[in-house]
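As a plain string of letters, each chain reads:
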Amino acid sequence: MDTTRPIAVGVTDSEASRAALAWAAARAARLKLPLVLLNVLDDHWMAGEALEALPYIDVLRTSGEDLLKMSADRLRTEEPGLQVSQEQLEGSIGASLGRYSEKASMLVLGSSGQTRGALTDRALQAAAVAASPVAVVGPGQSDGRGVVVGVDGSSQSTQAVAFAASEADALGDELTVLYAFTGPKRWVGAGLPSSSFSRHVLEEERIVLSETVSGLRQDFPGLVVHDVLETVMEPAAALVRAAAQARLLVLGSRGRGSFSRLLLGSTAHAVLAQPPCPTVITRLRKPA
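The present account deals with the structure reproduced in this document.

### Re the nonpolar core
- Membership of the largest hydrophobic core comes to 46 residues, with the highest contact counts inside it found for L35, L37, V108 and L175.
- With seven residues, the top contributor of residues to this core is helix 1 (residues 15-31).
- Dropping the residues within four chain positions of it, L35 is found in contact with I7, V9, L21, A24, A25, A28, L75, L82, Q83, V84 and S85.
- Among the nonpolar cores identified, the runner-up in size contains 33 residues, and L38, L97, A130 and V134 belong to it.

Written as structure tokens, this is what we have:
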């Protein structure tokens, strides 16, 4: 995690956004990082530059600026040692937040509570294109314990484990490493014959999980690590269940089963539709 760039948080007039703002402020204070409050004037209001829309654009711009100032002033009172600034962006919401994430160590957004897909969910849009890790936070998600991370042996999940382990160690929490895949029992249930092949598949996946956590106890000797292999539930459902009472859920942006052209994998997409707790999507960092 970058310890020099600020944490950026999207601000809107919603309960989820207020929860995200509180979470981001607490994290910035703990890590002694600046906090930048962002509001985006959606450019679809300016399509065609229709003259009749101009008064509404000015109202929306002023409303966003007022919301930013009110939120920043409140934080400066509540957290006097926190460095707070604000910035109004204009353009497509997902793309604008994604571009700004290049300047941030983390982008924090409120969950939409919607399940209709990326076209209606700003958090999903931003998570798909962000250059930094993206945290999605909903209301009532601040009292959990433990960190859960989803893995599948991909490069993205390996980096997610490193991020999650560092978070759990810093917070004094236990870490649960969960590997969920459709196991042989599902195949047999579908009418395929049971054989030594199914045992071989299970053993291979256990090796993937074991290799994923093998270095954690050496790198974080005081960290309690639980490794869980789930072969019945679908990955997204298993992660949501495991993280229902967690402090944090961490996922890679894409797993090894995702098409390379997809910016956000199906499991991350499904979890972000209704995150069970504050959920961080990490990004793949390519070697320099």
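### Topic: the environment of S132
- In this fold, S132 is placed in the loop between helix 4 (122-129) and strand 5 (134-137).
- When its relative accessible area of 2% is taken as the criterion, S132 is described as buried.
- C-alpha of S132 to C-alpha of K103: the two residues are 29 residues apart in sequence and 8.4 Å apart in space.
- Those residues within four positions of S132 in sequence are excluded, and the remaining contacts are S101, A104, S105, M106, L107, I281 and R283.

### Concerning the pattern of salt bridges
- In total, this model carries 11 salt bridges according to the counting rule given.
- In this structure, E167 and R27 form a salt bridge, with 2.8 Å as the shortest nitrogen-oxygen distance. Within this pair, whereas E167 is found in helix 5 (residues 155-171), its partner R27 is found in helix 1, the two being separated by 140 residues in sequence. Both residues of the pair, E167 and R27, count as buried.
- Among the ionic pairs, E167 bridges to R30, the shortest N-O distance being 3.8 Å. In this pair, E167 sits in helix 5 while R30 sits in helix 1, placing the two residues 137 residues apart along the sequence.
- The class of E167 is buried, set by a relative accessible area of 8%.
- Note on R30: relative accessible area 37%, which makes it partly exposed.

### Some remarks on the side chain of D42
- Here D42 is to be found in strand 2 (residues 35-42).
- We classify D42 as buried; its relative accessible area is 11%.
- Look past the residues within four positions of D42 in its chain and what remains in contact with it is G91, S92, I93 and R122.

### Quick notes on helix 10 (residues 266-273)
- Buried within helix 10 are the following residues: A268, V271, L272 and A273.
- Elements in contact with the buried residues of helix 10: helix 4, strand 5, helix 9 (235-242), strand 9 (248-252) and strand 10 (279-282).

### Concerning the sheet that holds strand 9
- Pairing is mixed in the open sheet, where 10 strands are placed in the order 3-2-1-4-5-10-9-6-7-8. The open sheet is flanked by strand 3 (84-91) and strand 8 (225-230), the only strands paired with a single partner. Within this sheet the neighbouring strands show an average axis-to-axis angle of 25°, counted without direction.
- The sheet contact formed by strand 1 (residues 7-10) and strand 2 spans four bridges and is parallel. Counted as the bridge partner of A8 is V36 from strand 2.
- Packed onto the sheet, helix 4 meets strand 2, strand 4 (106-110) and strand 5 and runs at close to 165° relative to strand 4.

### Remarks on helix 9
- Every buried residue belonging to helix 9 is among A236, A238 and L239, and all of these are buried. The buried residues of helix 9 occupy one face: seen down the axis, they fall within an arc of 165°.
- Structurally, helix 9 contributes buried residues whose contacts are with strand 6 (147-151), strand 7 (175-180), strand 8, strand 9 and helix 10.

### Quick look at the packing of helix 3 (residues 93-100) against helix 4
- Between helix 3 and helix 4, the least distance of the axes is 8 Å, while the angle of their chain directions is 40°. Between helix 3 and helix 4, the angle falls in the class oblique. For the crossing formed where helix 3 meets helix 4, the hand is right-handed. Judged by residue contacts, I93, G94, L97 and G98 of helix 3 engage R122, Q125, A126 and V129 from helix 4.
- Among the residues making up the contact of helix 3 with helix 4, the classes are represented as four nonpolar, three polar and one charged.

The rules behind these values
- By convention here, each chain's residues receive numbers from 1 onward along its written sequence.
- The model is predicted, so local features are restricted to residues of pLDDT at least 70 and side-chain atom pairs to those at 80 or more, both for listing and for counting; the totals for chains, interfaces and linings are taken over all residues.
- Excluded from the side-chain calculations are hydrogens and water; all other atoms, namely the structure's heavy atoms, are used.
- Only buried residues count toward a nonpolar core. Its members are Ala, Val, Leu, Ile, Met, Phe, Trp, Tyr and Cys residues joined through side-chain atoms within 4.5 Å.
- Burial status follows relative accessibility: with a 1.4 Å probe on protein chains alone, a residue under 20% of its type maximum counts as buried, one over 50% as exposed, and anything between as partly exposed.
- Think of it this way: any DSSP run of H or I at least four residues long counts as a helix, any run of E at least two long counts as a strand, and we number them from the N terminus.
- Contacts between residues were defined by any pair of non-hydrogen atoms, one from each residue, lying within 4.5 Å.
- Salt bridge, as used here: a side-chain nitrogen of Lys or Arg that lies within 4 Å of a carboxyl oxygen of Asp or Glu.
- Note: two strands are recorded as paired if DSSP finds a minimum of 2 bridges between them.
- Helix axes use the C-alpha atoms of the stretch in contact, all axes being lines fitted to C-alpha atoms, and the angles between their N-to-C directions lie in the range 0 to 180 degrees.
- Arc definition: directions from the helix axis to the C-beta atoms.
- To sort the angles, those under 35 degrees are grouped as roughly parallel, those over 145 as roughly antiparallel, those from 65 to 115 as roughly perpendicular, and the leftovers as oblique.
- Should the near helix be turned counterclockwise from the far one by less than a right angle, the crossing is left-handed, whereas a clockwise turn marks it as right-handed.
- Under this grouping Gly is polar, as are all residues other than the nonpolar Ala, Val, Leu, Ile, Met, Phe, Trp, Tyr, Cys and Pro and the charged Asp, Glu, Lys and Arg.

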